[in-house]
Amino acid sequence: MPELYRDLARLLREAGCSFLREGKGSHEIWRSPLSGRTFTVPANITSRVLANAILKQAGLPKAF
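Structural notes, computed from the coordinates. Here the residue index of a chain counts from 1 through its sequence in written order. Thresholds applied to this predicted model are a pLDDT of at least 70 for local features of residues and 80 or more for the giving and counting of side-chain atom pairs; totals over whole chains, interfaces and linings are not thresholded and use all residues. Side-chain figures throughout are based on the complete set of non-hydrogen atoms in the structure, without hydrogens or water.

What follows is about the pattern of salt bridges. What makes a salt bridge here is a side-chain nitrogen of Lys or Arg within 4 Å of a carboxyl oxygen of Asp or Glu, nothing more. A full pass over the atoms with the stated rule returns one salt bridge. Here E14 ties to R10 by a salt bridge, and the two come within 3.5 Å at their closest N and O atoms. Within this pair, E14 and its partner R10 are both found in helix α1 (residues 2-14), separated by four residues, close to a single helical turn. Runs of H or I in DSSP of at least four residues are treated as helices and runs of E of at least two as strands, each being numbered from the N terminus.

Quick look at the structure:
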C-alpha cells in the first residue's frame, strides 16, 4: 500500500509538517509545527490505525 504513505505524507505537508531526516531502516523523522513534536513515519506503512496515530501526534484529525 504505497498509496497510504503518499496520502499520509501529503496530509502532513499540507499541514505544515516538515521532513527532518532519514531514521533507522525505512523510517523518516518529521516535525509538526502544530504540536511541536517530532515523530517517525515508516515509509512502508500498511496500517490505517498507525497512520491515524501519526496524524494525532502531528496534531491533525483522523483521515484514514
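Backbone-to-backbone hydrogen bonds pair the strands of a sheet. The strands run either parallel or antiparallel. The criterion for strand pairing is that DSSP finds at least two bridges linking the strands in question. Spatially, β1-β2-β3 is the arrangement adopted by the three strands of the open sheet, whose pairing is antiparallel. Both outer strands of the open sheet, β1 (18-22) and β3 (38-42), are each paired with one neighbouring strand and no more. Shown here is a sheet whose adjacent strand axes are inclined to one another by a mean of 35°, direction ignored. Bridge count for β1 against strand β2 (residues 27-31) is four bridges, and the pairing is antiparallel. Paired with F19 across the strands is W30, a residue of β2. Axis definition: a line fitted to C-alpha atoms, limited for helices to the stretch in contact. Angles are taken between N-to-C directions and run from 0 to 180 degrees.

Looking at where E22 falls in the secondary structure, it is placed in strand β1. Each C-alpha atom, one on E22 and one on A43, is 9.9 Å from the other, the two residues being 21 residues apart in sequence. Apart from the residues lying within four places of it in its own chain, the contact partners of E22 are H27 and E28. Here, residues are in contact when the closest pair of their heavy atoms is within 4.5 Å.

This part covers the side chain of S32. With respect to the helices and strands, the residue S32 is situated in the loop between β2 and β3. With residues near it in sequence (within four places) discarded, S32 still touches C17, R37, F39 and A58.

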